[in-house]
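What follows is the residue order along each chain.
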Amino acid sequence: VRVFTPRRRDLLLSKMSREGLEIKVVDPPPQPPVSNVSAARSSPGGRQRASFAEFRPFKLWFPWLVPAIVAANIVLFAVSMFINDCPKNSQKCSARFLGRFAFQPMKENPLLGPSSSTLEKMGALEVTMVVDKHQVWRLFTCIWLHAGVFHVLANMLSLIFIGIRLEQEFGFVRIGLLYMISGFGGSLLSSLFNREGISVGASGALFGLLGAMLSELLTNWTIYANKFAALLTLIFIIAINLAVGILPHVDNFAHLGGFTSGFLLGFVFLIRPQYGYFNQRNNPRGYAAPSAKSKHKPYQYVLWITSLLLLIAGYTVGLIVLLRGTDLNKHCSWCHYLSCMPTSLWNCKSQNMYCKSSQIGKQMNLTCIANGRTEMYTLGNENQSQIQQMCSQLCS
């Protein structure tokens, strides 16, 4: 908060209003008692009053990109349901759990979501496709697909709640880049650890926005009031959301990858100039500033360079490791607990379902290795993904 003389304040507010900047004038804080000598030097009324201008020299943007992303996700979900002929053809539709999914299809429900085979055709993340056929584009397309009605609604409501405020403050370019790059980072880490099944969902990108909010608070620390309360609240929200990722069928590696990417990107994209820098730029003509202010503080430059180097190095190494087909679970025996923590209520091993098959003509016999159940199927034009879906239903 700066103290201005009435004339300088009026000139400054007039200039900032013409430039479309947000201005907020507030009353001064209560002054401590003054001595009689000080009072004698003040105004005739015996009270010394000053005008304070608390201004926010950052343009507010109209948020259109986040609503567009929400609409695109809903449209793509509707398209996936239409391709499945849902709910008319219940054999092609499957229910899903909340979160970013790494799943094999579960019990059928014609009202809740498309099948894994349809999601695979539309660009779901499947590691074998990325490694063997070099379909790296799946790392981007999977963040636009969702596995069920509740899945898409939960993610889109979260995106509206988080993304619109960020877009208003930082603009569609920076938030759009942050959303896409964070989503890519979440998909990349997911593909390095989740080697079975497919993965879809925008929650990796959403966690990127949460991570960016945290780094934005840290790098712009000096311009915030109630810093520690805001920091503790944000950390609590992030911890709760990451804790949900230990449930079965939720791809917490995508959450962690998106959050880490967004946290680093926040230091790059969401850096704020100092208020003093804006003050000297908006000084009235003829006013000499007591000292020149740099645009950013030294620690902001250090965080900017360090984060950018870590992002480039991490993405480069991750892509090389992925395209070589390396399974990082073999090099980290405990990492799978980050995505699913086994308890008495669920078993993490149930995520991977395997069947033994034998075929005579168009008749195929499947036996679930986990529970020993056997069933005979008549084959049409089923692909490998649809056969895996039959296996998953048999083991459910």
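Residues numbered from 1 in each chain as written. Predicted model: local features only at pLDDT ≥ 70, side-chain atom pairs only at ≥ 80, totals over all residues. Heavy atoms only, no water.

(A) Focus on the state of the cysteines. A full pass over the atoms with the stated rule returns one disulfide. One disulfide bridge connects C332 with C335, the sulfur atoms lying 1.8 Å from each other. Between C332 and C335, the S-S dihedral sits near 80°, and the bridge is therefore right-handed. Residue class for C335 comes out buried when judged on its relative accessible area of 8%. (Disulfide = S-S within 2.5 Å. Buried < 20%, exposed > 50% of the residue type's maximum accessible area, 1.4 Å probe, protein only.)

(B) The side chain of T118, seen in detail. With respect to the helices, strands and loops of the structure, T118 is situated in helix 4 (residues 116–122). Looking at T118, the relative accessible area reads 6%, which means it is buried. T118 has contacts with S80, I83 and N84, leaving out every residue within four places of it along the chain. (Helix = DSSP H or I, 4+ residues; strand = E, 2+ residues; numbered from the N terminus. Contact = heavy atoms within 4.5 Å.)

(C) Region of the structure containing helix 3 (residues 65–83). For helix 3, built from 19 residues, the straight-helix expectation of 27 Å at 1.5 Å per residue is met to within 8% by its first-to-last C-alpha distance of 27 Å. For helix 3, the full list of buried residues reads L65, V66, I69, V70, N73, F77, S80 and M81. All buried residues of helix 3 fall inside an arc of 160° around its axis, so they share one side. Away from its buried face, by an angle of more than 90 degrees, helix 3 presents the exposed residues V75 and F82. (Expected span 1.5 Å × (residues − 1). Arc of directions from axis to C-beta.)

(D) Highlighting the pairing of strand 6 (residues 355–360). Burial of strand 6 is sparse: only zero of the six residues sit out of reach of the surface. Sheet topology places strand 6 next to strand 7 (residues 363–368); six bridges connect them, and they run antiparallel. Within strand 7, the residue paired with C355 across the bridge is C368. What sits between strand 6 and strand 7 in their antiparallel hairpin is a turn of two residues, with G361 showing a positive phi close to 65°. (Pairing = 2+ DSSP bridges.)

(E) Layout of the packing of aromatic side chains. On inspection of all chains with the given rule, the structure shows nine aromatic pairs. Ring centres of W61 and F172 lie 6.4 Å apart, and the angle between their planes is 80°; this geometry places the pair in the edge-to-face category. Of this pair, W61 sits in the loop between strand 3 (52–56) and helix 3 while F172 sits in helix 8 (residues 172–193), placing them 111 residues apart in sequence. For W61, a relative accessible area of 34% translates into the label partly exposed. (Phe/Tyr/Trp six-rings, centres within 6.5 Å; stacked < 30°, edge-to-face > 60°.)

Keep in mind these numbers describe shape, not what the thing actually does.
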